[in-house]
Amino acid sequence: MPATPASTSPPSLAGACTGLSATTITSGPGDASTMPGVIAAFEYAYYHLRSAAAAMLLLAPDSAISAESLAAGIASIPLGTTHCVAITPIADTTANVHLAELHPDHTRTDYLQVINLRSVGAGPLISNIQRQG
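Nothing here was measured: the structure is a model prediction, and the numbers come from that model.

What counts, and at which threshold
- Residues numbered from 1 in each chain as written.
- Predicted model: local features only at pLDDT ≥ 70, side-chain atom pairs only at ≥ 80, totals over all residues.
- Heavy atoms only, no water.
- Helix = DSSP H or I, 4+ residues; strand = E, 2+ residues; numbered from the N terminus.
- Buried < 20%, exposed > 50% of the residue type's maximum accessible area, 1.4 Å probe, protein only.
- Contact = heavy atoms within 4.5 Å.
- Areas by Shrake-Rupley, 256 points an atom, 1.4 Å probe, with all protein chains shown as cover.
- Core = buried A, V, L, I, M, F, W, Y, C linked by side-chain atoms within 4.5 Å.
- Expected span 1.5 Å × (residues − 1).
- Salt bridge = Lys/Arg side-chain N within 4 Å of Asp/Glu carboxyl O.
- Phe/Tyr/Trp six-rings, centres within 6.5 Å; stacked < 30°, edge-to-face > 60°.

Asker: Can you help me understand the overall build of the protein chain in this one?
Answerer: When helices and strands are counted, the protein chain shows three helices and five strands. For the protein chain, the α and β elements follow one another from N to C terminus as β-α-α-α-β-β-β-β. Residues classed as buried in the protein chain amount to 39% of the 133 residues present. Across the protein chain, contacts joining residues at least 24 apart in sequence account for 46% of those joining residues at least 6 apart. Within the structure as shown, the protein chain displays about 7400 Å² of accessible surface, and the carbon and sulfur contribution to it stands at 59%.

Asker: Looking at this structure, I do not really get the nonpolar core. What am I missing?
Answerer: The nonpolar side chains of soluble globular proteins are, as a tendency, buried together. Formed by 25 residues in total, the largest nonpolar core has its most connected members in I39, F42, L70, L117 and I126. Looking at this core, the elements that each hand over two or more residues are α1 (35–47), α2 (52–56), α3 (67–75), β2 (82–91), β3 (94–102) and β4 (108–120). In terms of residues, this core owes the most to one element, α1, which gives nine residues. In contact with F42, not counting residues within four places along its chain, are A55, L58, L59, L70, I126 and I129. A16, C17, C84 and L102 belong to the second-largest nonpolar core, a separate cluster that totals seven residues.

Asker: Help me understand α1 in this model?
Answerer: Helical periodicity: at 3.6 residues per turn, an α-helix aligns residues three or four positions apart in one direction. Along its 13 residues, α1 runs 19 Å from first to last C-alpha, staying within 8% of the 18 Å computed at 1.5 Å per residue. Within α1, twelve of the 13 residues are buried, leaving the element largely enclosed by the surrounding structure. Along α1, the residues that are buried comprise M35, G37, V38, I39, A40, A41, F42, E43, Y44, A45, Y46 and Y47.

Asker: Which parts of the structure should I look at to understand the pattern of salt bridges?
Answerer: Enumeration over the complete set of coordinates arrives at two salt bridges. Between D110 and R108 there is a salt bridge, and its shortest N-O distance comes to 2.9 Å.

Asker: For this particular structure, what's the right way to read the packing of aromatic side chains?
Answerer: How two aromatic rings sit relative to each other is set out by the distance from centre to centre and by the angle between their planes. For the structure shown, the criterion picks out two aromatic pairs. These aromatic residues form a ring-pair network of at least three members: F42, Y46 and Y47.

The structure is reproduced here in structure tokens:
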């Protein structure tokens, strides 16, 4: 009897990642060296660490996003909310981003964004976040 081939489908995405598709899909901590890594690290700081200070480290100085506005946004999100971010690069410094929040009561909010980055010092930083319709 011939062996059954192993499945080549990607692992199942669950929770806030359910239904997302992109080049990179993560709820993890990211990194500071790549465009997807910086975007993931920013969202991780915002949703998981709930730290405006940590998120600010990933923003270009001229981003026009303040620590106060980040802190207010973080405070408005219920404790226990999880997130997932789907990142599709569309240029060297620009990505389409689908961000999903899953609240403890199982309500979900999705945000479509275009995020721009630029190199500052040792690596890329977020310079602009635009919501899409």
